[in-house]
Every structure is written in C-alpha cells, then in structure tokens.
Amino acid sequence: MNTKPFVLALAVLSGSGICLAQINEPAPADDWKPSAINQSGKQYPQVNSERRVRVRIVAPSAQSVQLDIGGKKYPLTKGDDSAWDGYSAPQDEGFHYHQLNIDGASLPDPGSLYFYGASRWGSGVEIPSHDEDFTR
C-alpha cells in the first residue's frame, strides 16, 4: 500500500487548520457598559453594542480562567495586575446564565446578581435589545 498520498493529504489538512487559527479578528467595539443586572456598584460583567459579554476577575494564583456562556467557554487573559479579562462572541438579546471556570472549577461571577433556574443558583447577564442606546 502506498501511504504517500495519505500522508500528503493529512499534512495539507493539518496545515490548513493552523492557518485558519492564525486569522486575527477585529477588536470588539469599545463601548462597554455594566450589565443592567449587576450587583450594586459592580462594573463587571459588561455588555457592548455588538452584544458581547466582558468579564473581569482578580485571581492571582489561577492558571486558567474562562467565561462559560451560551454553551461555550471563552478563555480570559491574565494582565499585569493579576486580573483576568476577556469577552464572548455576540449573544442573543435577553437574559443569559453564565459562570466563570477557574482552574477547572465552575464558580458564579462575583459582579452579577444570582438567579435560580435549572435547579441551581447562577450568575446572570442581560443583553439589551438592538433598540436600546449604548451611548447612555
């Protein structure tokens, strides 16, 4: 059996995946505002006009932090101040449960109010409708 065509096809397929992973996305709109259902005085989670959710948490000894929302986990980036920051893809308008995953443990977002649903307490974020003004 000649394995050369198989190896060549495998190399092309794996190389194309690497190229796709290197495509840079444009930065999200920088018009973030706190979610309407944050705890009093808390700035995060935030929402922007693209309906993305941004979170921030100080976790100096964490090795990995993710935002878990809409059935997908988004990695956060650790800054020089030991705070982890990141954002999601655009979400549908309305209420969404979310949580933070810190080193494999799922935890509520300390900036969000907590809501009871699906037999558990969880963090929530409100994505405003397209009609709401983000310049407020």
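The coordinates are above.
Calculation rules
Residues numbered from 1 in each chain as written. Predicted model: local features only at pLDDT ≥ 70, side-chain atom pairs only at ≥ 80, totals over all residues. Heavy atoms only, no water. Helix = DSSP H or I, 4+ residues; strand = E, 2+ residues; numbered from the N terminus. Pairing = 2+ DSSP bridges. Patch = residues over 30% accessible without salt bridge, like charges linked within 9 Å, V, L, I, M, F, W, Y side chains within 5 Å. Areas by Shrake-Rupley, 256 points an atom, 1.4 Å probe, with all protein chains shown as cover. Salt bridge = Lys/Arg side-chain N within 4 Å of Asp/Glu carboxyl O. Buried < 20%, exposed > 50% of the residue type's maximum accessible area, 1.4 Å probe, protein only.

Assignment of secondary structure puts proline 60 in the loop between β3 (53-58) and β4 (65-69). Along the backbone, proline 60 and lysine 78 are 18 residues apart, and their C-alpha atoms lie at a distance of 8.6 Å.

With that settled, the discussion passes to unusual backbone geometry. At the junction of tyrosine 44 and proline 45, the peptide bond is cis and its omega measures out at 5° in the coordinates. With respect to the helices and strands, proline 45 occurs in the loop between β1 (33-34) and β2 (46-47). Residues other than glycine seldom take positive phi values, yet serine 82 does so here, at roughly 70°.

With that settled, consider the pairing of strand β11 (residues 120-127). Pairing analysis gives 5 bridges linking strand β8 (residues 94-102) to β11, with the strands arranged antiparallel. Within β11, the residue paired with histidine 98 across the bridge is serine 123. Where strand β10 (residues 114-117) and β11 come together, 4 bridges link them in antiparallel fashion. In the sheet register, tyrosine 116 faces β11, and the bridge partner there is tryptophan 121. Between β10 and the antiparallel strand that follows it, β11, lie 2 residues; alanine 118 among them carries a positive phi value of about 55°.

A separate point is a nonpolar patch on the surface. Together, Tyr114, Tyr116 and Trp121 make up a nonpolar patch on the protein surface, roughly 410 Å² of accessible area in all. In this structure, tyrosine 116 sits in strand β10. Residue classification places tyrosine 116 among the exposed positions, given a relative accessible area of 52%.

The quantities given are spatial measurements derived from coordinates; they are silent on function.
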